[in-house]
Amino acid sequence: MDERAALALIAADLPAAGDDAAVVDGQVLTTDMLHETTDFPDGTTRYTAGWRAVAASLSDVAAMGADATAAVAVYGAPSFRADEVRAFVRGAREVCEAVDAEYVGGDLDGHEEFTVATTALGRVGEAGPVRRSGATPGDALCVTGDLGRSGAALRLFGDDPDRANDLFRFTPRVAAGRALAAHASAMMDSSDGLARSCHQLAAASDCGVVIEADALPVHDAVREVTDGGAAARELATTFGEDFELVVTVPESALDTARDDCPVALTRVGTVTDADAGLTMDDEPLPDRGYTHGDG
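The paragraphs below set out a description of the structure included in this document. (Residues numbered from 1 in each chain as written. Predicted model: local features only at pLDDT ≥ 70, side-chain atom pairs only at ≥ 80, totals over all residues. Heavy atoms only, no water.)

**A short note on unusual backbone geometry**
The phi torsion of most residues other than glycine is negative, and most of the peptide bonds are trans.
For step 1, the next point in the chain: One non-glycine residue with positive phi stands out, namely E241, at about 65°.
For step 2, the next point in the chain: Its place among the elements puts E241 in the loop between α10 (229-238) and β9 (245-249).
For step 3, the next point in the chain: The phi torsion at D282 lies on the positive side, around 70°, for a residue other than glycine.
For step 4, the next point in the chain: Position of D282 among the secondary structure elements: in the loop between β11 (278-280) and β12 (283-284). (Helix = DSSP H or I, 4+ residues; strand = E, 2+ residues; numbered from the N terminus.)

Next comes the structure, spelled out in structure tokens:
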């Protein structure tokens, strides 16, 4: 059983599961686990690991349209070095500060490989949580920021680790999520890649999706590691781990949503009826993306 099959099994027993975070008494709660072999390429600093691990959970809070309040992390490693632990905590603390949240600690544990488990907490605003299940035909399909930065970073670690670490330290879109909550019909983050995220959102909302490839906002770093064209598009749509927001917005609210969003909000397609399926430039959109264990 792979990760996706296991998640489906759990969802069958937990009807409240399925969004980026759980909603409990007006708060959102989420947890993630990252491993050295699958999530931290050679050359990843402990500062970057602390930032990225906590940021992954904060991204789930952002995807619910909530305010981030706090995060904790479990740090597991074969041994503990003072400089590495301090660097990790500094990264975790500073990414929390970047989104007006607080890093409040966690736990240390011996482990055969460097492994991090993070949990983030947020507070639902007046607009309420935004789920994956509200998209309707005719809505605009949009993404925040740029796509492909993590895929580009992975290719740069061997040649330019400083640049790669910088790309790996993304800022969770908490402010954007808060701003979009008043306008969005559905939202999630793109941790599994745009293509797979669209499949997940379409399944939750019982809809289809049409994407225009030329509209995709591709990160400049992708052009540094590919020749452009199909290779760049593949990195931007299926690699994943970009942690941008994938959001659907009613056509009538799109201009206001763009004005309110503190980062670029790009329309990349349109929500359609479920029987139309998922396509990009009139071709079927494969359900491919990031899966833990793929490396």
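There is more to say after this.
**What about the sheet that holds β11?**
For step 1, the next point in the chain: Taken together, the seven strands give an open sheet; going across it, the order is β7-β9-β6-β10-β8-β11-β12, and neighbouring strands pair in mixed fashion. Whereas interior strands pair on both sides, the edge strands pair on one side only; in this sheet they are β7 (186-189) and β12.
For step 2, the next point in the chain: Pairing of β11 with β12, which is carried by two bridges, proceeds in the antiparallel orientation. Along β12, the bridge assignment pairs M280 with E283.
For step 3, the next point in the chain: Contacting β7 and β9, helix α3 (residues 46-63) runs over the sheet at an angle of about 175° to β7. (Pairing = 2+ DSSP bridges. Contact = heavy atoms within 4.5 Å. Axes fitted to C-alpha atoms, helices over the stretch in contact; angles between N-to-C directions.)

**What about the pairing of β7?**
For step 1, the next point in the chain: Because side chains alternate across β7, one face comprises the buried residues A186 and M188, and the other comprises M187 and D189, equally buried.
For step 2, the next point in the chain: As paired strands, β7 and β9 are joined by four bridges and run antiparallel to one another. Note on β9: the bridge partner recorded for M188 is V246. (Buried < 20%, exposed > 50% of the residue type's maximum accessible area, 1.4 Å probe, protein only.)

**With respect to the pairing of strand β2 (residues 27-35)**
For step 1, the next point in the chain: Where strand β1 (residues 22-24) lies against β2, three bridges are found, and the strand directions are antiparallel. Its bridge partner being in β2, V23 is matched across the sheet by V28.
For step 2, the next point in the chain: Hairpin connection of β1 to β2: two residues between the antiparallel strands, including D25 at a positive phi of 50°.
For step 3, the next point in the chain: When β2 meets strand β5 (residues 115-123), the two strands line up antiparallel, connected through nine bridges. From the neighbouring strand, T30 faces β5, where its bridge partner is A120.

**Structural notes on the sheet that holds β5**
For step 1, the next point in the chain: Taken together, the five strands give an open sheet; going across it, the order is β1-β2-β5-β3-β4, and neighbouring strands pair in mixed fashion. Unpaired on one side and paired on the other, β1 and β4 (102-110) mark the two borders of the sheet. In this sheet, adjacent strand axes meet at a mean angle of 20° when their direction is disregarded.
For step 2, the next point in the chain: Here nine bridges tie strand β3 (residues 67-77) to β5, and the two strands are oriented antiparallel to one another. Note on β5: the bridge partner recorded for D67 is R123.

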